[in-house]
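# Architecture at a glance
Single-letter residue listing:
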Amino acid sequence: MGFIFINLSSSAAAIMPPPKPLLFASSSTNYHYQINFVGFLVILMLLLLPTLADADCNHDDKHSLLSFAAYFPNLNWSATVDCCSWDGISCDDKGYRVVGLSIPGRGLHGAIPSSLLNLTSLSFLNLSYNFLSGPLPNRLLSSFNNLHTIDLSYNTLSGYLPDILPSTLQLLNFSSNLFSGTIQKDILQSLQSLIVLNVGLIGCLQFTGHTPHTHIHTHIREWCVFGVGPEPTLNISNNSFAGSVPPSICTTSPGLVIPDFSLNDLTGSIPHGFGASSNLQVLSLGFNNFTGQIPTDINGARSLQHLSLPGNSLTNEIDENITSLPNLRSLVLFGNMLSGSIPHSIGKLSLLEKLELHINRLHGTLPLSLMNCTKLKLLNLRVNSLGGRLSDFDFSSLNQLTMLDLGENQFSGVLPKSLFSCKSLTAIRLATNKLEGDILPDILELPSLSFLSLSNNTFKNISQALNILSSLEKLTTLILSKNFFNETLPAAGISGFQDLRSWDLVVACCFSFELTRLPALASQHVLDHVSSSYLELPVFVAPQKASYLQFNQLANLPPALYLASNNLSGEIPVEIGNMKSIHILDLSQNYFSGTIPSSISDLTNLEMLDISRNLLSGEIPSSLASLNFLSSFSVAYNNLQCPVPTGGQFYTFPYQSYQGNPWLCGPPTLNFCIKQSHHPPSPSRHEKDLNMEVIFGPILGFCFGFGFGIILTCQTFCIVSKRRIFPRVIHRYFVWT
């Protein structure tokens, strides 16, 4: 590019054609400026040339990362690109040395390559939520002099913990792996420093393994003492720590905020002293083997927001002092052996959002002061001995309540109308109490209700109940079993229940084919749109059986129809084949008669079929062999005849699936099948007896021959008549004794 200068300092102005735009003004001062500016540009370019030529990360770091990536092709790191721009890589301020490697949840399989050790400037390493396996590379942690964070959680790494930890380490997470062995003394010394440097990082210590019993007291105490800072946290949950918690724990560390010792094997009593931690916000000691009572000095922890002690063997009463915690938001004490009543002054906990006292030995009534807990969202008092008239308690002030579980208590009376003013309710369980009366239209004031369990009470008027409940548009789970005694399903059938996914109902009389029209059980398209949200109230499926499955999420609750243990009679309707989405069909322990409808083979998603202990006759449809997902099957104790079908899943079912049907034959039963004759019609009974006399008479005599003829006739009866004449009274003897 050419420059045109106009110099007015000379006597003659030289203008060089052709004329072009002027770059600088025509003055001697500006002339010097332009010379200086051009020189500055030249110098700047010369200075930048080396930087531009070397604008790549450290060669050794890049080589180490490429060697690491060779084991994991899905990382897609390119050798032609600056490694500081690779996904999951961070470099120092100069963009030269690699200081961070964070690739969680990338589906990495196999061992950790030793090439990782060459990243000597690494300060942050996160390989969590992968499928890494095998032992850690030798000197993994000792090779990094600047490492402050390492997270290898949620893999399948194994072997022993490293002997040496870097002094700079602030966060170490080895949780949810397969590490074993013991934590050596040197490691414990390093962990003391770890807690000192790691302040306010939840989950700063999570090991899977064992610690020597002789060290457990000393080092838990030291971890608490050294946990200083604005928000010190000690998390050693989900391990195998044993022994008792020392009585002096944390008395010299008032700054401790969040200790979590849950999911270990700790024993003994919960020591006094936590109440002296004025900054304590969360205390989690659940799922250990603690005994004794809740420490009475816990009310001293005035900042405590969450107290979680479930799954232990705590006894005695819940002390009234616990209601002196003004900031308490959750009180979780379920799964213990606590007795006495709910503290009468529970209403002083005005910020309480979660109260879980289920599976204890509590008695008495609901304290009236509980009405003052207006922020309460979850109330679970299931499996206690609480009682009284439920309608005496006014629920109307609990307008934020979403989950209510009072099941398996002794509450009596009718459904309280005040409960239906809690517009946020999504789940209600009042099963196994002494409630009675009708289900009234007031329940329709709960537009978000998706879970309702009222089983094992004495409610009446099933027609009205179903008519009302069918209008709850978000209802997905309805459990009404062991109610409506001596009532029948409405003659007009059942409509509505568009999103109903699980249904448990006990009624008398017949199986209405209207049940087969429930939309979510008949259409996969409808089922796919059913909410899959988690439930705070678990669903217990078939508790009278050994499986006793518990489900906490609707998406995991299989589409099912449970009608077991009723007085249902008549034939199983062929329309049952319309329930295309169903996974479980339980019609056991009823009085169904007739044959097994072959339309059941249209239920291609069926995983469990139980039609045992009925009055069914005829043969087992061979078309059921096409149910490829069928893993549990029982037709035991009926009047079934003929050979057991072969093929498909029938090869996997045990003898117990067929017992109590003496006329069934073929494996796995112990009865041999007699091949059907291809000759003309079977001879009459008189002809059979006569033939047997001719053959066996000379040898054994007429009487023995006649008896043998009766036996032979019974063995071939399923072929001749395909009907059973087993008396009902005998069948009931088989079933119920």
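Reading the values: rules and limits
- Residues numbered from 1 in each chain as written.
- Predicted model: local features only at pLDDT ≥ 70, side-chain atom pairs only at ≥ 80, totals over all residues.
- Heavy atoms only, no water.
- UniProt positions renumbered as here; feature names shortened; annotations may be inferred.
- Helix = DSSP H or I, 4+ residues; strand = E, 2+ residues; numbered from the N terminus.
- Buried < 20%, exposed > 50% of the residue type's maximum accessible area, 1.4 Å probe, protein only.
- Contact = heavy atoms within 4.5 Å.
- Areas by Shrake-Rupley, 256 points an atom, 1.4 Å probe, with all protein chains shown as cover.
- 1 Å grid on protein atoms, 1.4 Å probe; cavity = no way out; pocket = protein on both sides within 12 Å on 5 of 7 lines; lining within 4 Å.
- Points joined across faces, edges and corners; volume = space filled by probe spheres on them.
- Nonpolar A, V, L, I, M, F, W, Y, C, P; charged D, E, K, R; others polar.
- Arc of directions from axis to C-beta.
- Pairing = 2+ DSSP bridges.
- Disulfide = S-S within 2.5 Å.
- Salt bridge = Lys/Arg side-chain N within 4 Å of Asp/Glu carboxyl O.
- Core = buried A, V, L, I, M, F, W, Y, C linked by side-chain atoms within 4.5 Å.

Annotation of the protein in UniProt includes, under Sequence similarities (unreviewed entry), the sentence "Belongs to the RLP family." On record in UniProt, under Subcellular location (unreviewed entry), the comment for the protein is "Cell membrane".

The helix and strand tally for the protein stands at 11 helices and 43 strands. Relative to its 737 residues, the protein shows a buried fraction of 47%. A sequence separation of at least 24 residues applies to 55% of the contacts in the protein between residues at least 6 apart. When the accessible surface of the protein is split by element, carbon and sulfur atoms take 57% of a total near 35000 Å².

Here we come to the environment of Pro295. With respect to the helices and strands, the residue Pro295 is situated in the loop between strand S16 (289-292) and strand S17 (306-308). Expressed as a C-alpha distance, the spacing of Pro295 and Phe274, which sit 21 residues apart in the sequence, is 8.5 Å.

Attention now moves to empty space enclosed by the protein. Remark: the empty space left among the atoms is shown by a probe the size of a water molecule rolled over them. A complete count under the given rule lists 2 cavities of 30 Å³ or more for this structure. Quantified by volume, the largest cavity comes out at close to 60 Å³. For the largest cavity, the full set of lining residues is Ile294, Pro295, Thr296, Ile298, Ile318, Asp319, Asn321 and Ile322. Tallied by class, residues from the lining of the largest cavity come to 5 nonpolar, 2 polar and 1 charged.

Attention shifts here to helix H5 (residues 462-469). Inspection of H5 places Ile462, Ala465, Leu466, Ile468 and Leu469 among the buried residues, and these make up the whole buried set. Down the axis of H5, the smallest arc covering the buried residues is 165°, so these residues share one side.

This paragraph deals with the sheet that holds strand S23 (residues 385-389). Taken together, 5 strands build an open sheet; the order of strands is S21-S23-S25-S27-S29 and the sheet is parallel. Of all strands in the sheet, those bounded by a partner on one side alone are strand S21 (363-364) and strand S29 (458-459). Where strand S27 (residues 434-437) and S29 come together, 2 bridges link them in parallel fashion. The partner of Glu436 across the bridge, within S29, is Thr458.

Okay, the state of the cysteines next. For the coordinates displayed, the defined rule picks out 3 disulfides. Within the protein, bonded cysteines paired by disulfides and numbered along the sequence follow the pattern 1-2, 3-4, 5-6.

Applying the stated criterion across every chain yields a total of 5 salt bridges. A salt bridge links Asp61 to Arg97, with the nearest nitrogen and oxygen atoms 2.8 Å apart. Note that Asp61 is positioned in helix H2 (residues 59-69) and Arg97 in the loop between strand S1 (89-91) and strand S2 (98-102), a separation of 36 residues in sequence. In this structure, Arg106 and Asp87 form a salt bridge, with 3.1 Å as the shortest nitrogen-oxygen distance. Residue Arg106 is located in the loop between S2 and strand S3 (109-110), and its partner Asp87 is located in the loop between H2 and S1; the two are separated by 19 residues in the primary sequence. Salt bridges linked by common partners bring Arg382, Asp405 and Arg429 together as one network.

Core analysis: the largest hydrophobic core is formed by 70 residues, its most contacted members being Leu304, Leu307, Phe395, Leu430, Ile439, Ile443 and Leu452. Here this core takes 5 residues from H5, the largest share from any one element. Counting residues in hydrophobic clusters, the runner-up holds 35 residues, among them Leu101, Leu140, Leu141 and Leu157.

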